[in-house]
Structures are given as structure tokens and as C-alpha cells.
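Descriptive structure summary
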Amino acid sequence: MNQLIVGNWKMHPATLLEAKEAVSRIKRGIKALPRVQVVICPPFVYLSEVCKSLEGTKLSPGVQDVFTELEGSFTGEVSAAQAASCGAKYAIIGHSERRNLGETNAVIAQKAILAIRSGLTAIVCIGEQERDTHGKYFSVLKDQLTHSLAKLSQTELKKVVIAYEPVWAVGANVAMSPGQIHETGIYIRKVLSDLYDPAAAAKVPVLYGGSVGFENARDILREGEVDGLLIGRQSLIPEDIIAIAKIAHDLK
Ligand code: PGA
């Protein structure tokens with residue numbers, strides 16, 4: 001399985017022109033990297049233009065969220081079906097910045113099922129707010145996984161990616177240590193294999209996110225034993241995300 005490198009652009013960059021320039025640099029930079037899958041999730045307003053410029057390339061477009069309905073009177077919202085019709089292939093669901101705005105596991109479960117039924121791969125985010133010394137974060141992660149995936153069948157699981165992002169490491173100065181990432185990844189895979197057929201669960205890619213850059217990407221991928229990375233800040237700098245993609249590509 002190729003490593004999956006996902007860039008979450010959040011509410012950046014400031015203009016469509018900058019977004020188009022960054023996308024064209026990234027797509028050129030990853031052209032000769034067949035063993036890595038790179039995804040860029042721009043703001044919704046840039047999606048159509050970004051998708052147009054990515055047609056026929058190795059760089060895949062995604063979105064940062066979808067709504068809990070497919071169509072209707074929901075001012076300001078965007079559905080998974082609409083995102084898919086513009087060319088999106090992936091949807092980040094339940095990012096901690098959205099959970100912080102009040103998004104619950106039930107809402108995330110609904111968004112995930114609609115994303116998948118619309119043909120998108122759902123990148124479902126989980127992560128504890130803090131690491132206590134008693135290991136309570138394990139039950140937080142189990143709860144998030146169980147309830148965020150509650151509506152998905154075994155078949156639909158094929159279109160799921162789990163992004164483990166400890167909230168305290170998102171937008172911070174240091175990432176979680178590769179050893180802790182490895183340990184948590186094992187736990188996540190164990191919970192998945194309790195929820196689904198173990199063979200199907202074992203195929204679900206588990207990504208790490210939170211203060212990943214080209215400086216620590218190799219150690220996190222190798223020692224953390226994850227299937228890829230979800231990157232915020234460094235995904236906005238074409239040279240940096242290209243460097244990370246190259247690290248992932250050269251790993252095997
Ligand atoms: P960061 O963000 O890489 O800037 O820490 C990660 C994310 O929010 O997905």
C-alpha cells in the first residue's frame with residue numbers, strides 16, 4: 001500500500017491565485033513519485049479550479065468537511081455530493097478544529113456515511129485533547145472510533161482512512177514521539193478489528209497528524225509505523241510537502 005500524504009490547507013491561502021500557483025508547483029514536484037499518494041484539501045471556494053488543474057495528474061483533490069445532508073435549505077453548507085461533482089476524491093471528516101466548534105461523533109458518523117455514498121474516501125479524524133498519566137485517552141479514542149464509524153458497514157470501511165491527530169500536537173511546536181504514535185496506532189487497529197472483521201480492519205490506513213514537517217516525517221513514518229500523514233502548516237509550502245512526499249516515496 002502506498003503511503004498517503006494529505007495536506008489540509010484550512011482557511012489558506014488568501015487568494016485563488018496563490019492556491020493555483022501552489023497546486024501547480026506541488027503537482028510538478030510529485031510527478032516522478034509513483035509510490036506515494038498525495039492529496040490536497042483546499043478551501044471549498046477554490047475546489048473547482050483546483051480540480052480542473054489536477055485532472056489527469058497524480059495529485060488528488062479533497063475537501064475539509066461536508067454537510068450532514070445531501071441537498072436542501074441549508075444556507076452556507078456544502079454537501080459531499082456537490083464536492084464529488086466538482087471532482088473531489090477525499091473528505092476530511094471530524095477534524096479537531098471542527099470538533100472544537102461542537103461537532104459530535106454522531107454528526108461525524110452522518111458526514112462520513114454521506115461522503116462515502118457520494119463516492120469520496122472519508123478521512124475520519126480522531127484524537128485526544130490531552131494525554132493523562134492513567135491512559136484515559138485510550139477510552140477517548142475508542143469512543144470516537146466506535147461512534148464516528150457507527151453507520152459504516154464492512155464494505156464501506158474500504159473507503160475509510162483514520163487520521164490520528166492528538167489535539168495537543170495540532171498546530172503546536174512538537175509532534176508526538178514516534179514510539180507513542182506506534183503504540184497508539186496499534187491500539188487504533190485493535191479497536192477497528194473489534195468493530196469489524198479483522199482482515200477488513202487491517203486494511204484501513206491509519207495516518208498521523210499534528211506538527212509534522214519534513215524534519216520529522218521520516219521518523220514518524222518509519223518508527224511510528226503509520227500509513228501516511230495529515231499535514232497542516234507545511235502542506236501550504238510546496239517545497240515542504242514535496243519533500244515529505246519524497247520521504248514517503250523513498251521509504252520502501
Ligand atoms: P499542523 O496541522 O500540521 O499544522 O500541526 C495538522 C492538522 O490540523 O491536520
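Report follows, based on the coordinates. Owing to the predicted nature of the structure, the values given are computational and were not obtained by experimental measurement.

If you check which residues of helix α2 (residues 47-54) are buried, you get Leu-47, Val-50, Cys-51 and Leu-54. Considered in projection along α2, the buried side chains sweep an arc of 100 degrees and stay on one side of the axis. Positive backbone phi, at 75 degrees, marks Gly-56, one or two positions downstream of α2.

Roughly 350 Å³ of internal volume is contained in the largest pocket. A class-by-class count of the residues in the lining of the largest pocket yields seven nonpolar, three polar and four charged.

Here we come to the site of the ligand. Lining the immediate surroundings of the ligand are 13 residues, of which Lys-10, His-95, Glu-165, Gly-171 and Arg-233 lie closest. A distance of 2.8 Å is found between an oxygen atom of the ligand and a backbone nitrogen or oxygen belonging to Gly-232. Between Arg-233 and the ligand, the recorded distance is 2.6 Å, taken from a side-chain N or O atom to an oxygen atom. Residues of the shell around the ligand, tallied by class, amount to four nonpolar, six polar and three charged.

The next thing to look at is the packing of helix α1 (residues 16-29) against helix α10 (residues 238-250). Between α1 and α10, whose axes approach to 9 Å, the crossing angle comes to 25 degrees. Between α1 and α10, the crossing angle belongs to the class labelled roughly parallel. Pair α1 / α10 crosses with right-handed handedness. Across the interface between the two elements, Ala-22, Arg-25, Ile-26 and Gly-29 from α1 touch Pro-238, Glu-239, Ile-241 and Ile-242 from α10.

Moving on to the sheet that holds strand β1 (residues 3-8). Strand order in the closed barrel made by the eight strands is β1-β2-β3-β4-β5-β6-β7-β8, with parallel pairing throughout. On average, adjacent strands in this sheet sit at an angle of 25 degrees to one another, irrespective of strand direction. Where helix α7 (residues 178-195) meets the sheet, its contacts fall on β5 (121-126), β6 (160-164) and β7 (206-209), and the angle it forms with β6 comes to roughly 145 degrees.

As a further point, take the pairing of β6. Across the five residues that make up β6, a large majority, five, are buried. Residues Val-160, Ile-162 and Tyr-164 line one face of β6 and the alternating positions Val-161 and Ala-163 line the opposite face, and both faces are buried. Where β5 meets β6, five bridges bridge the pair, whose relative direction is parallel. Of the residues in β6, the one forming a bridge with Val-124 is Ile-162. Between β5 and its parallel partner β6, the chain crosses via helix α6 (residues 136-148), and the hand of that crossover is right-handed. With three bridges joining them, β6 and β7 adopt parallel strand pairing. Considered in β7, the bridge of Ile-162 is made with Val-206.

With that out of the way, let us pick up unusual backbone geometry. At the junction of His-12 and Pro-13, the peptide bond is cis and its omega measures out at -10 degrees in the coordinates. Notably, Ser-211 is not glycine yet its phi reads approximately 60 degrees, a positive angle. On the secondary structure map, Ser-211 appears in the loop between β7 and α9 (217-223). Taking the relative accessible area as the measure of exposure, Ser-211 reaches 14% and is therefore buried. For Glu-225, which is not a glycine, the phi torsion comes out positive at approximately 50 degrees. Along the chain, the position of Glu-225 falls in the loop between α9 and β8 (228-231).

Moving on, we get to the nonpolar core. Among the nonpolar cores identified, the biggest contains 65 residues, and Ile-5, Leu-149, Val-160, Ile-162, Tyr-208 and Leu-229 are the most heavily contacted of them. Grouped together as the second largest cluster of nonpolar side chains are 12 residues, Cys-41, Tyr-90, Val-161 and Leu-230 included.

Looking now at the side chain of Thr-68. Tracing the sequence through the fold places Thr-68 in the loop between β3 (59-63) and α3 (80-85). Given a relative accessible area of 17%, Thr-68 falls into the buried group. Once you skip the residues sitting within four places of it in the chain, Thr-68 turns out to touch Val-107, Gln-110, Lys-111 and Leu-114.

The rules behind the values
- Once a new chain begins, its residue numbering starts again from 1 and follows that chain's sequence as written.
- In keeping with the model being predicted, local features are shown solely for residues with a pLDDT of at least 70 and side-chain atom pairs are shown and tallied solely at 80 or more, while totals for entire chains, interfaces and linings include all residues.
- To get the side-chain values, all heavy atoms of the structure are used, and hydrogens and water are removed first.
- A simple rule labels every residue: compare its accessible area, found with a 1.4 Å probe on the protein chains alone, to the largest value its type can have, and call it buried under 20%, exposed over 50%, or partly exposed in between.
- Numbering of helices and strands starts at the N terminus; helices are DSSP runs of H or I of at least 4 residues and strands are runs of E of at least 2.
- Taking the helix axis as origin, the arc is that swept by the directions to the C-beta atoms.
- A cavity here means a set of points on a 1 Å grid, drawn over the protein atoms and nothing else, where a 1.4 Å probe fits but cannot get out; a pocket is an open set with protein on both sides within 12 Å along at least five of seven lines, and a residue lines either one if it has an atom within 4 Å of a point.
- Grid points are joined across faces, edges and corners, and a volume is the space filled by probe spheres set on the points.
- Residues are grouped as follows: Ala, Val, Leu, Ile, Met, Phe, Trp, Tyr, Cys and Pro are nonpolar; Asp, Glu, Lys and Arg are charged; all remaining types, including Gly, are polar.
- Whether a residue is near a molecule or strand is decided by its heavy atoms; if any one of them lies within 4 Å of it, the residue is near.
- In protein, a polar contact requires one atom able to donate a hydrogen and another able to accept it; more generally it is a pair of N or O atoms within 3.5 Å, and residues adjacent in sequence count only if both atoms are side-chain atoms.
- To define axes, lines are fitted to C-alpha atoms, for helices over the stretch in contact only, and angles between the resulting N-to-C directions are given on a 0 to 180 degree scale.
- Should an angle lie under 35 degrees it is considered roughly parallel, over 145 roughly antiparallel, and from 65 to 115 roughly perpendicular; all remaining angles are considered oblique.
- Definitions for this section: a left-handed crossing has its near helix turned counterclockwise from the far helix by less than a right angle. A right-handed crossing has that turn clockwise.
- By definition in these notes, contact holds between two residues if any of their heavy atoms fall within 4.5 Å.
- Paired strands, in this sense, are two strands between which DSSP finds at least two bridges.
- Place the viewer so that the strands point away; then a crossover is right-handed whenever the path from the first strand over the helix to the second strand goes clockwise.
- We define a nonpolar core as any set of buried Ala, Val, Leu, Ile, Met, Phe, Trp, Tyr and Cys residues linked to one another through side-chain atoms lying within 4.5 Å.

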